[in-house]
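# Geometric and topological summary
So the chains spell out like this:
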Amino acid sequence: MARIELRNLVKRYGDGFPAINDVSLDIADGEFVILVGPSGCGKSTLLRMIVGLEDISEGDLLIDGKRVNDLAPRDRDLAMVFQNYALYPHLTVGENIAFPLRLNHSKVPESEIAGRVQRAADMLELNDHLDRKPANLSGGQRQRVAMGRAIVRDAKAFLFDEPLSNLDAKLRGQMRTEIARMQRALATTTVYVTHDQTEALTLGDRVAVLRKGVLQQVASPRELYEQPVNLFVAGFIGSPPMNFLPARVRGDVLELPFGTVPKPAVVGGEHDGKLLIVGVRPEHFDDVEVTDAPAGAVTFDVQVDVTEWLGNELYAYVPFEAEAETRKQLEELDRELDGESLRNQLVVTLDAMSSVRDGDAA
Ligand code: ATP
């Protein structure tokens, strides 16, 4: 097991803007850290820098306190699991799992190999498939073999690069639970790259959000969801995404496109008259008759544009008109956030049991 320290890491490909820009992160021994961010933000690059498949342009990478920038990948003793599994087609499952142990530098005696392969196969329920070739396995079984090859080595850390993205939704759910169970049982330091919201929020002890090579926030999933540090994190974490609304501060109230709400304590007097962006999670709306609204609730009459029924919940889309000035500001913010988060509509998550018809109040 290992502690991994990233100190001011920079990666430049050619002379464009850095793919990784001054990233610092301490990963504790046994910790499970998730790297998330939109496509092209540098997640894979950062993982490949840790494992040694990419050179580090600037900064230091330490494993257990020792600088390893110039150490060859095989000498870092880290096990990487790739999205495409990278199995050897001509070898059986057992031989694939044993492969890292048979490499010259691994120094594992042949007499020990069978036992180690057996233990990995037990853990991953691959015992019945040890003599098969990868071509005769399902996607989920292949992914297990790839994981077997990582755990058989007693590596210092596991590095996963979107390991479940080639699997269908059901299998992805099953494998996600298995990875969580395996990591807990082995307590091996793990860095896991994904763009899947569910994996990001359920698997890790901490989640690191990257945008354009810059680390935005590193926090527990709950903290990230409840206390995002900026609009980007607020809009990126959560599905459906957080709604952003323009709000004008007027004395004790905020004027939203539909009406007014009491001004929250965090908005100080210095903002009076100014335009703010207010974030509201879709699940914080409810569908009620105005006369039945609970005390303290703020109600708006809105037109529901489109609804999507998902069985246990229902998404309602609510368009809104912003005044010209606020629309301009929204558009500017939208450009700044790469169109990730701001739209001229609200997404509202409702209990699917309550019937919502076009035109209902939300
Ligand atoms: P995705 O989720 O799409 O896999 P990512 O977050 O893993 O994306 P990276 O693959 O790390 O992103 O790429 C980060 C940036 O570095 C991108 O702008 C990409 O085009 C650039 N990049 C990656 N590899 C190279 C390379 N070998 N040469 C030049 N640029 C590269």
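For the chain, an unreviewed UniProt entry supplies the name ABC transporter related and the organism Kineococcus radiotolerans.

Another aspect to go through is the site of the ligand. Contacts to the ligand come from Tyr-13, Ala-19, Gly-37, Ser-39, Gly-40, Cys-41, Gly-42, Lys-43, Ser-44, Thr-45 and His-195. Class assignment of the residues belonging to the shell around the ligand gives a composition of three nonpolar, seven polar and one charged.

Now for helix α6 (residues 169–186). Given a rise of 1.5 Å per residue, 18 residues ought to cover 26 Å, and the 26 Å separating the end C-alpha atoms of α6 matches this to within 8%. Every buried residue of α6 is listed here: Met-175, Ile-179 and Gln-183. One side of α6 holds all its buried residues, which, seen down the axis, span an arc of 75°. Pointing more than 90 degrees away from the buried face of α6 are the exposed residues Lys-170, Gln-174, Thr-177, Arg-181, Arg-184 and Ala-185.

Another point: the sheet that holds strand β11 (residues 243–250). Overall, antiparallel pairing links the four strands, which are arranged β13-β12-β11-β14 in an open sheet. Looking along the sheet, the strands with just one partner apiece sit at the ends: β13 (260–262) and β14 (275–280). Sheet twist, expressed as the average angle between the axes of neighbouring strands with direction ignored, equals 40°. Note that β11 and β14 share six bridges and pair antiparallel.

On to the pairing of strand β15 (residues 306–309). In terms of strand pairing, β15 meets strand β16 (residues 313–319) through four bridges, oriented antiparallel. Across the sheet, Glu-308 pairs through a bridge with Tyr-315, a residue of β16. Counted between consecutive antiparallel strands, the loop separating β15 from β16 contains three residues, among which Gly-311 sits at a positive phi close to 90°.

Looking now at the domain arrangement of the chain. The domains assigned to the chain are domain 1 (4–232) and domain 2 (240–351). Of note, the centres of domain 1 and domain 2, computed from C-alpha atoms alone, are 38 Å apart.

Counting 71 residues, the largest nonpolar core has Ile-34, Leu-35, Ile-50, Ile-97, Leu-159, Val-191 and Ala-208 as the members making the most contacts within it. Two domains share this core, each providing at least three of its residues, namely domain 1 (4–232) and domain 2 (240–351). Apart from the residues within four sequence positions on either side, Leu-35 is in contact with Lys-43, Leu-46, Leu-47, Val-191, Val-193, Ala-208 and Leu-210. The next biggest cluster of nonpolar side chains, apart from the first, holds seven residues, and it includes Val-304, Leu-346, Val-347 and Val-348.

All right, on to the packing of helix α3 (residues 93–102) against helix α4 (residues 110–123) then. In a pair of packed helices, the angle between the axes and the distance between the axes together describe the arrangement. Two elements in contact, α3 and α4, have axes whose closest approach is 10 Å; the angle formed by their N-to-C orientations is 120°. Relative to α4, the element α3 is oriented oblique. For the pair α3 and α4, the crossing hand works out as right-handed. Of the residues in α4, those touching α3 at Gly-94, Ile-97, Ala-98 and Leu-101 are Ile-113, Arg-116, Val-117, Ala-120 and Ala-121. Residues of the contact of α3 with α4, tallied by class, amount to seven nonpolar, one polar and one charged.

On the secondary structure map, Val-267 appears in the loop between β13 and β14. The spacing of Val-267 and Leu-254 is 13 residues in sequence and 9.5 Å in space, taken between C-alpha atoms. For Val-267, the contacting residues outside a window of four places in its chain are Val-249 and Leu-276.

On to the sheet that holds strand β5 (residues 66–67), then. Taking strand neighbours across the sheet as the criterion, the four strands line up as β2-β1-β4-β5 in an open arrangement whose pairing is antiparallel. In this open sheet, the two edge strands, each paired with only one partner strand, are β2 (20–27) and β5. One ladder, built from five bridges, connects strand β1 (residues 4–11) with strand β4 (residues 58–63); its direction is antiparallel. Looking at β4, one finds that Ile-4 is bridged to Ile-63.

Reading the values: the criteria
Residues numbered from 1 in each chain as written. Predicted model: local features only at pLDDT ≥ 70, side-chain atom pairs only at ≥ 80, totals over all residues. Near = placed C-beta within 6 Å. Nonpolar A, V, L, I, M, F, W, Y, C, P; charged D, E, K, R; others polar. Helix = DSSP H or I, 4+ residues; strand = E, 2+ residues; numbered from the N terminus. Expected span 1.5 Å × (residues − 1). Buried ≥ 20, exposed ≤ 12 C-beta atoms within 10 Å, placed from the backbone. Arc of directions from axis to C-beta. Pairing = 2+ DSSP bridges. Axes fitted to C-alpha atoms, helices over the stretch in contact; angles between N-to-C directions. Domains from an automatic or database assignment. Core = buried A, V, L, I, M, F, W, Y, C linked by C-beta atoms within 7 Å. Contact = placed C-beta atoms within 7 Å. Parallel < 35°, antiparallel > 145°, perpendicular 65-115°, else oblique. Left-handed = near helix turned anticlockwise from the far one by under 90°.

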